[in-house]
Amino acid sequence: MDFDAGWTSVDVPEMDALPRPVTLRSQSLPARHIFPFHSHRWNQFVYATSGTLVVTVEDSWHVITPEQAIWVPTGQLHTTGALHGADFRNLYVADLPGLGMPSRCTALAVTPLLRALILELVDISRRGAEDEAYIAQVNGLILAQLPRLAVLDFHLPWPRSAMLRKLCEALYGSPADPRGAEEWGAELGASGRTLARRFEKETGLGLREWRQRLRLFRAIEWLGGARSITDIALELGYASPSAFAYMFRQETGLTPTEWRAR
């Protein structure tokens, strides 16, 4: 990400060593705030209890919702930012024998149990509790959960070039925008064919497929709040709640109502 494109850099916290095998780092990231590229001497479990994060690992870009997390192995160059604000709940995890986690950056599905354990660590931190035996028990459950998380093939890739990031950020803010490659090319100073070719090269997806995936990600984000399903459907550009529900069920196996209840 280019900081001159309206992003604000956030200082990476200084830490020489982990005080525990699992260490919580909590921070609220305002909209368009980002950590610069950096690496750690330990693993990182990138997660937000609310909001949406953009995670970059080398030249791979991902947008993750509170249903998902990114596992970043020790020493991996990465950065994390919030498009519209997020409650960043980050776990630093030591390289323990038998950890059983991937050796490369991986998107993972977050279970309700793991989410509850992370929130318990947040609560312990807020209370200033120093019950090390209890903290060790919570951390032990987290370490037992991590290798059991399902690996996700599904993610929203983010382009590297400034031109295409401008397009994607505009669509992220207005997912009902119907303009195709020709219209966007005219606005951004490229032919429709050039824009479409570059978009597929940088994201691995065609613009139409990417837009469909974006709408699903925004739907999942909004279903976590108080917005009505009708409002979500219209905001995403669907003609009716039933058309939105059909798309959502095709992609997730659940209706929006079932997803929200879960």
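First, a word on scope: everything that follows refers to the structure included in this document. Just so it is clear, the model here is predicted, and its values are computed rather than measured. Residue indices follow the written sequence of each chain, beginning from 1 at its first position. Restriction of local features to residues with pLDDT of at least 70 applies here, the model being predicted, together with a cutoff of 80 or more for giving and counting side-chain atom pairs; totals for whole chains, interfaces and linings are based on all residues. Each side-chain value is worked out from all heavy atoms of the structure, with water and hydrogens disregarded.

Let's talk about the pattern of salt bridges
Here a salt bridge means any side-chain nitrogen of Lys or Arg lying within 4 Å of a carboxyl oxygen belonging to Asp or Glu. Overall, the coordinates contain 9 salt bridges when judged by the stated rule. Of the charged contacts in the structure, one is a salt bridge between Arg-227 and Glu-235, with a shortest N-O distance of 3.8 Å. As a salt-bridge pair, Glu-258 and Arg-249 come within 3.5 Å of each other at their nearest N and O atoms. When its relative accessible area of 38% is taken as the criterion, Glu-258 is described as partly exposed. Several salt bridges converge on common partners, so that one network encompasses Asp-177, Arg-179 and Glu-187. Working definition: with a 1.4 Å probe on protein chains only, accessible area under 20% of the residue-type maximum means buried, over 50% means exposed, and in between means partly exposed.

Here's the deal with empty space enclosed by the protein
Site definitions follow a grid-based scheme: protein atoms alone, a 1 Å grid, a 1.4 Å probe that fits but cannot get out for cavities, and for pockets an open set with protein on both sides within 12 Å along at least five of seven lines, plus lining residues having an atom within 4 Å of a point. Grid points are joined across faces, edges and corners, and a volume is the space filled by probe spheres set on the points. For the structure on display, the rule yields 1 cavity of 30 Å³ or more. For the largest cavity, the calculated volume is near 60 Å³. Around the largest cavity, the lining residues are Pro-13, Arg-25, Phe-35, His-38, His-40, Gln-44, Thr-80, Phe-88, Asn-90 and Tyr-92. Note on residue categories: nonpolar means Ala, Val, Leu, Ile, Met, Phe, Trp, Tyr, Cys or Pro, charged means Asp, Glu, Lys or Arg, and polar means any other residue, Gly included. Class assignment of the residues belonging to the lining of the largest cavity gives a composition of 4 nonpolar, 5 polar and 1 charged.

Some points on the pairing of strand β4 (residues 43–46)
Only DSSP runs of H or I with at least four residues qualify as helices, and only runs of E with at least two residues qualify as strands; both kinds are numbered from the N terminus onward. Every second residue of β4 is oriented toward a common face, with Asn-43 and Phe-45 on one face and Gln-44 and Val-46 on the other, all of them buried. Any two strands with at least two DSSP-identified bridges between them are counted as paired. Taken together, the 3 bridges between β4 and strand β8 (residues 78–93) define a ladder with antiparallel strand orientation. Looking at the pairing, Phe-45 lines up with Leu-91 of β8. Pairing of β4 with strand β7 (residues 68–72) involves 3 bridges; the strand directions are antiparallel. When the bridges of β7 are listed, Phe-45 appears paired with Trp-71.

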